[in-house]
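Summary of structural features
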Amino acid sequence: MSRNDSARGITQGVIWKQLLIFFFPILLGSFFQQMYNTVDTIIVGRAVGTQALAAVGSTSPLINLINGFFIGLSTGATVILSQYYGANDREGTDRALHTGVALSLVLGLVTATVGMAFGPRILALIRTPESCREDAATYVRIYFCGAVASMVYNMGAGILRAMGDSRRPMLYLIAACFVNIAMDVLCVVVLKMGIAGAAAATVISQVISAALAVGALLKSGLRVKKIRIHKELVRRLLYIGIPAGLQFVTFDLANLLIQSGINSFGEVTVAAWTAFGKSDALTWMISGAFGVSITTFVGQNFGAQQYRRIRQSVWVCMGMSVALVGMLSILELTFREFILGIYTPDTDVIRVGAHVMMIIIPFNILFMPVEVFAGTMRGTGYSVLPTVITCMCVCVFRVIWIFLVVSRVHTIEMLAAAYPISWGLASTVFLIAYLRGTWLRSRIRACSLEPERR
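Now for a look at the structure at hand.

Parameters and conventions
Residue numbers here run from 1 along each chain, matching the order of that chain's written sequence. Whole-chain, interface and lining totals are the exception, using all residues; otherwise, since this is a predicted model, local features are given only for residues with pLDDT of at least 70 and side-chain atom pairs are given and counted only at 80 or more. Remark: hydrogens and water are excluded; side-chain values derive from all non-hydrogen atoms of the structure. Helix and strand definitions follow DSSP, with helices as H or I runs of at least four residues and strands as E runs of at least two, each counted in order from the N terminus. What the globule rule says is 2.2 Å times the number of residues to the power 0.38, and the radius of gyration is computed from C-alpha atoms. Only protein chains enter the area calculation, which uses a 1.4 Å probe; residues under 20% of their type maximum are buried, those over 50% are exposed, and those in between are partly exposed. Per-residue and other accessible areas were derived by the Shrake-Rupley procedure at a 1.4 Å probe size, with only the shown protein chains allowed to occlude residues. In what follows, a contact means two residues having at least one pair of non-hydrogen atoms within 4.5 Å. Note on terminology: a nonpolar core comprises buried Ala, Val, Leu, Ile, Met, Phe, Trp, Tyr and Cys residues joined through side-chain atoms within 4.5 Å. Throughout this description, the term salt bridge denotes a Lys or Arg side-chain nitrogen within 4 Å of a carboxyl oxygen of Asp or Glu.

1. A closer look at the overall build of the protein chain
Each helix and strand in the protein chain was counted, giving 19 helices and zero strands. Rg of the C-alpha trace for the protein chain: 21 Å, near the compact-globule value of 22 Å for 454 residues, within the 12% margin. In the protein chain, which comprises 454 residues, the share counted as buried stands at 59%. For the protein chain, the computed accessible surface area is about 18,300 Å², with 66% contributed by carbon and sulfur atoms.

Here it is as structure tokens:
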């Protein structure tokens, strides 16, 4: 498909078909990305033991926190590029492309430095159990060695998707997944490197995916000599990117706080929550894939000034995401003990994990409006409000919940309840903000576009 054909597909085709065409490669790519994370967990849990499994699990909120901010910051470049692309502005697309790649290199270096320097200290602050803290610190140090490669891949994939190509990023993740599986077997099972081997396998796979993404960008107009940050784009990029990064951080800060609470229940509960998180990963892959799809879809249509199409796509995307997540939740609850048994043979871990799943999973659909509404607003460049709503309704609410409720009723049930309550609160506020319509009108005026016709 040519560049113009791709743009016309998103700005003129049947909405549900175009969203699904874009959605499924992202979902499949996310599946394989999650697979090589899951392979780490399964191999570590079975070949090394429960202590190592808990160590890997306890690092997830920290890794997501640091990576999330910088990946969110990079979305500013991809949103701007999608708008230029939808408007068929070749010069603007070229500037956004090279600025995005330059930004990914800078952000990758910063992420690596922050992660390796402060990661082990943060693990201690969040009360990672002493029995697995040393292993967790080892995993974090090695993992962040691949931060530049990870950032380059994520930026490259975002740029390709902004141009309407979600297929190649998927193929690159599939290739990286198989590399990771092979290296996991070699490093952990054959060479007996333990948790360090699992982290090294992940880094190697990240390097492979980054190299493939750069190769694709070189075929799509990237020129090494032109890689630099264009000053005229920086203000717009930061206006979109910083709030997006903060939105990632608010979720991850809340999860980091939750992880601190989980750690207080001991090693078995930490391992159980880790296995539950991996078991429920497909839900968040579906959610994230729809979020990326609607952001790109809205970005290109905003550039093309197709405002009615933007509004229609929101409800189409919402309906599809709720339906898919709802069906998946039913399957997860039905087979919860079998699914958890994939990750660990420990009956105590399975029992606790199944109990947590019964508390949280029935309410997973409550998060879908958050993803769709936030992605829609961000696609137009309206990035501040989604961050404020997320920060207040998710992060601040969970902090209050932990300190006022869980501190008095110290049970895993009360801790888990923070998730569905915060999702319902955030979805309600997002719905009100969306229906008011200020987000779209203000972006139209800011970009000096033709006003929306009613």
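Text resumes after the structure shown.
2. Here's the deal with the side chain of Ser-209
By the element assignment, Ser-209 lies in helix 8 (residues 194-219). With a relative accessible area of 2%, Ser-209 lands in the buried category. Among all residues touching Ser-209, those that are not within four sequence positions of it are Tyr-153, Tyr-172 and Ala-176.

3. Here we look at the nonpolar core
Nonpolar side chains tend to gather and get buried jointly when the protein is soluble and globular. Core analysis: the largest hydrophobic core is formed by 135 residues, its most contacted members being Tyr-139, Ile-159, Ile-258, Trp-273 and Ile-360. No other element matches the 16 residues that helix 3 (residues 50-86) contributes to this core. Non-local contacts of Ile-159, meaning those with residues more than four positions away in its chain, are made with Thr-78, Leu-81, Leu-97, Val-101 and Leu-217. Membership of the second largest hydrophobic core comes to five residues, among which are Leu-53, Ala-272, Val-349 and Val-352.

4. As for the pattern of salt bridges
By the definition in use, this model includes four salt bridges. Between Arg-95 and Glu-91 there is a salt bridge, and its shortest N-O distance comes to 3.4 Å. Of this pair, Arg-95 and Glu-91 both sit in helix 4 (residues 90-125), four residues apart, which is roughly one turn of that helix. On the basis of relative accessibility, which here comes to 17%, the residue Arg-95 falls in the buried class.

As far as function goes, none of this settles anything; it's purely spatial.
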